[in-house]
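Next come the chains, spelled out residue by residue.
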Amino acid sequence: MTNLSNFLWSQANYGAKDGVQNSTELNVLKLQIADDLLRLLITSESAFNLLAISELFANFKKNSDEIKRAITIFIEWFLLNRATDSTPSPSTDLVKSISENLSKFFHTVVDYQDVTKAAVQSLIGACKRVDETINKLYTTQKISSYTTLQLNVRSCKALEELFDLWVTTDQIASFVTFDVNGFEFLLDKIRLGQVAPSLPSSSSSQESEKITSLLTGSDLLDQVSKFKEEVKEVGGKPEVISASTDEPREEDFASKLTIINQADQSW
């Protein structure tokens, strides 16, 4: 599970359908690998004819750090890349399939209270990082208003889905309210309350907070300059004139992310 989460982070983090349109064969292949690995994770059985993922969660305390980190990455990928619509594009269909398989994985979490608590805490932390990163990118004009809106809508829908899935018992609701200030975070997010305070300091939460937002990961921003688009205004709407067609090198992989607005572009 750790290797799969790292693969999603570094090799399949494109920004939903906006980031995988016109993908290269290499990008499609990596999405296919991620989808196949995730399907194996949620369907493979152990020697005792139990789902391997269920057996892993049942022994959560033995591997808590690895599980928490993997779940955190899965959640943030889901916030930024979740797709629900089918399209004629193989790459967007793969992103949709990965989203559906992650949703099945998240449903498995519900049966294990300790794992659910860790997942809820990771969800709140991931949402905070995503919100802060989106705001930073927008204020520095690295993404457009349209992109900011799409990212916010996508992350809010994913947050609502996961919150409704996991916060279903009194124990989890109490944990969210008193241990991680989850409801204050939600009130702040919809601008009905005060700014949510930081999560209580603990070894697990501090380790989680060290994870940089996937939105600033290598696939999403670091390599974007290699695929700059020339844009001009036609009737008040941006029109893409040309784009780099260079194939990414295997050792220097980058996606053709179309959602990031470069500093010299006009949106």
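Quantities reported herein were computed from a predicted structural model and do not represent experimental measurements.

Novice: Looking at this structure, how should I read the overall build of the protein?
Specialist: Secondary structure summary: the protein contains 12 helices and 2 strands in total. Helices and strands appear in the protein in the N-to-C order α-α-α-α-α-α-α-α-α-α-α-α-β-β. When burial is assessed residue by residue, the protein has 48% of its 267 residues classed as buried. When the accessible surface of the protein is split by element, carbon and sulfur atoms take 51% of a total near 13700 Å².

Novice: Would you mind showing me how to read a nonpolar patch on the surface here?
Specialist: A surface patch of nonpolar side chains, amounting to about 340 Å² of accessible area, comprises Leu29, Ile33, Leu37 and Leu40. Mapped onto the elements of the fold, leucine 37 is located in helix α3 (residues 25–43). The class of leucine 37 is partly exposed, set by a relative accessible area of 36%.

Novice: Got a minute to help me understand the pattern of salt bridges in this structure?
Specialist: Close approach of charged atoms allows side chains of opposite charge to pair. Evaluation of the coordinates by the stated rule reveals 5 salt bridges. As a salt-bridge pair, arginine 39 and aspartate 36 come within 3.3 Å of each other at their nearest N and O atoms. Here arginine 39 pairs with aspartate 36, and both are found in helix α3, just 3 residues apart, close to one helical turn. Salt-bridge contacts for glutamate 76 lead to arginine 129; the nearest nitrogen and oxygen are separated by 3.3 Å.

Novice: Whenever I open this one, the confidence of the model for the protein confuses me. Can you help?
Specialist: When pLDDT is averaged across the protein, the result is 75; 69% of the residues are at 70 or more. Put simply, strand β2 (residues 237–243) is where the protein has its lowest mean pLDDT, 37, and helix α5 (residues 64–81) is where it has its highest, 94. In this model, residues 192–211 is a region of pLDDT below 50 whose contacts with residues beyond four sequence positions or in other chains number 34 contacts. When the criterion is pLDDT under 50, residues 217–267 qualifies, and its contacts beyond four places in sequence or with other chains add up to 103 contacts.

Novice: Just to check I follow, could you spell out the packing of α3 against helix α6 (residues 90–109) for this structure?
Specialist: When two helices pack together, their arrangement is given by the angle between the helix axes and by the axis-to-axis distance. Orientation of α3 relative to α6, taken along the N-to-C sense of each, is 20°, at an axis distance of 9 Å. One element, α3, and the other, α6, form an angle in the roughly parallel class. Judged by the twist between their axes, the crossing of α3 over α6 is left-handed. Of the residues in α6, those touching α3 at Val28, Leu31, Gln32, Ala34, Asp35, Leu38, Arg39, Leu41 and Ile42 are Ser91, Leu94, Val95, Ser97, Ile98, Asn101, Leu102, Lys104 and Phe105. Looking at the contact of α3 with α6 residue by residue, the class counts come to 11 nonpolar, 4 polar and 3 charged.

Novice: Help me out: how do you make sense of the nonpolar core in this one?
Specialist: Burial of nonpolar side chains together is a common tendency in soluble globular proteins. Judged by nonpolar contacts, the single largest core of 56 residues is most densely connected at Phe74, Ile75, Phe105, Phe106, Leu123 and Trp166. Among the elements of the structure, α1 (2–11), α3, α4 (52–58), α5, α6, α7 (113–139), α8 (145–166) and α9 (170–179) are those that each provide at least two residues to this core. Top contributing element to this core by residue count: α7, with 11 residues. Ignoring anything within four residues of it in the chain, the contact list for phenylalanine 106 reads Phe74, Ile75, Phe78, Leu162, Leu165 and Trp166.

Basis of the calculations
Residues numbered from 1 in each chain as written. Predicted model: local features only at pLDDT ≥ 70, side-chain atom pairs only at ≥ 80, totals over all residues. Heavy atoms only, no water. Helix = DSSP H or I, 4+ residues; strand = E, 2+ residues; numbered from the N terminus. Buried < 20%, exposed > 50% of the residue type's maximum accessible area, 1.4 Å probe, protein only. Areas by Shrake-Rupley, 256 points an atom, 1.4 Å probe, with all protein chains shown as cover. Patch = residues over 30% accessible without salt bridge, like charges linked within 9 Å, V, L, I, M, F, W, Y side chains within 5 Å. Salt bridge = Lys/Arg side-chain N within 4 Å of Asp/Glu carboxyl O. pLDDT = per-residue confidence, 0-100. Contact = heavy atoms within 4.5 Å. Axes fitted to C-alpha atoms, helices over the stretch in contact; angles between N-to-C directions. Parallel < 35°, antiparallel > 145°, perpendicular 65-115°, else oblique. Left-handed = near helix turned anticlockwise from the far one by under 90°. Nonpolar A, V, L, I, M, F, W, Y, C, P; charged D, E, K, R; others polar. Core = buried A, V, L, I, M, F, W, Y, C linked by side-chain atoms within 4.5 Å.

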